[in-house]
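# Coordinate inspection notes
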Amino acid sequence: MSVTLEPVKISDSEWEIMRVVWTLQAATAQEIVDVLSESKDWKPATIKTLLGRLVKKEALRTEQEGKKYIYHPNVSEAETVQSATENLFSHICAKRIGHTIGELIEQADLTNEDIAFIQQQLAEKQPVATIECNCIPGQCECKHHAS
């Protein structure tokens, strides 16, 4: 499904637009305005600006139908979530990723199915003996960087 080679980085506002397009699979600007007008106080021009940015970033592609443009996702929700996760993990010490995942689980509302899936992933995960800090000295409190 993905046309882009590089992960797409999108803003929080652009996420809102993408969630609508992912759900509808194809949408006009008016359909997106209709969905978001219930929860956001955005003018149609704001939404059209965000759509333009997403097209420029190649997260969306357009198809002209008469005078309207139909927006289609160029990247899947799963790919975009994966990219955002990798981006988050690139900003924290490698030694803290496990702790961060634990905190995310602690904060999330989870169904029995979610918990069973997480437990299955953990049961299948092969642990590593050690994790090396990947920070520049002074970016974390690892003893590795202490002088």
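Residues numbered from 1 in each chain as written. Predicted model: local features only at pLDDT ≥ 70, side-chain atom pairs only at ≥ 80, totals over all residues. Heavy atoms only, no water.

The protein chain is annotated in an unreviewed UniProt entry as CopY/TcrY family copper transport repressor of Candidatus Enterococcus moelleringii.

Right, let's get into the overall build of the protein chain. For the protein chain, the helix and strand inventory stands at 6 helices and 3 strands. Its C-alpha atoms give the protein chain a radius of gyration of 20 Å, clearly above 15 Å, the size a compact globule of 147 residues would have. Taken along its principal axes, the extent of the C-alpha atoms in the protein chain is 65 × 40 × 30 Å. Looking at the 147 residues of the protein chain, the share that counts as buried comes to 25%. Considering only contacts within the protein chain whose residues lie at least 6 apart along the sequence, 59% involve residues at least 24 apart. Carbon together with sulfur atoms contributes 51% to the accessible area of the protein chain, which is approximately 10,900 Å² in total. (Helix = DSSP H or I, 4+ residues; strand = E, 2+ residues; numbered from the N terminus. Rg over C-alpha atoms; globule rule 2.2 N^0.38 Å. Buried < 20%, exposed > 50% of the residue type's maximum accessible area, 1.4 Å probe, protein only. Contact = heavy atoms within 4.5 Å. Areas by Shrake-Rupley, 256 points an atom, 1.4 Å probe, with all protein chains shown as cover.)

This part covers the pattern of salt bridges. What the rule picks out here adds up to 1 salt bridge. For E14, the salt bridge is made with K57, and the minimal N-O distance between the two is 2.7 Å. With E14 in helix 1 (residues 12-24) and K57 in the loop between helix 3 (44-56) and strand 2 (60-65), this residue pair connects regions lying 43 residues apart in the sequence. Look at E14 and you get buried, because its relative accessible area is 2%. (Salt bridge = Lys/Arg side-chain N within 4 Å of Asp/Glu carboxyl O.)

Take the sheet that holds strand 3 (residues 68-73) next. As summarised here, the arrangement of the 3 strands in space is 1-3-2, forming an open sheet in which the pairing is antiparallel. Two strands in the sheet have a free side with no partner beyond their single neighbour: strand 1 (27-28) and strand 2. Pairing analysis gives 6 bridges linking strand 2 to strand 3, with the strands arranged antiparallel. Opposite Q64, over in strand 3, you have Y69 as the bridge partner. Those strands touched by helix 1 are strand 1, strand 2 and strand 3, and its axis lies near 90 degrees from that of strand 3. Contacting strand 2 and strand 3, helix 3 runs over the sheet at an angle of about 115 degrees to strand 2. (Pairing = 2+ DSSP bridges. Axes fitted to C-alpha atoms, helices over the stretch in contact; angles between N-to-C directions.)

It is worth spelling out the state of the cysteines at this point. One pass over the structure, following the stated rule, counts 0 disulfides. With no disulfide partner, C93 has as its closest neighbouring cysteine sulfur the one in C142, 3.6 Å distant. Among the cysteines around C142, which has no disulfide bond, C140 carries the closest sulfur, lying 3.5 Å off. (Disulfide = S-S within 2.5 Å.)

Considered as a void within the structure, the largest pocket measures approximately 720 Å³ in volume. Of all elements in the fold, only helix 4 (77-90), helix 5 (97-107) and helix 6 (112-124) reach the threshold of two or more residues within the lining of the largest pocket. When residues in the lining of the largest pocket are grouped by element, the largest group, 5 residues, is from helix 5. The residue makeup of the lining of the largest pocket, split by class, is 15 nonpolar, 4 polar and 1 charged. A volume near 180 Å³ is recorded for the second largest pocket. Secondary structure elements with two or more residues in the lining of the second largest pocket: helix 2 (29-36), helix 3 and strand 3. Looking at the lining of the second largest pocket residue by residue, the class counts come to 5 nonpolar, 2 polar and 3 charged. (1 Å grid on protein atoms, 1.4 Å probe; cavity = no way out; pocket = protein on both sides within 12 Å on 5 of 7 lines; lining within 4 Å. Points joined across faces, edges and corners; volume = space filled by probe spheres on them. Nonpolar A, V, L, I, M, F, W, Y, C, P; charged D, E, K, R; others polar.)

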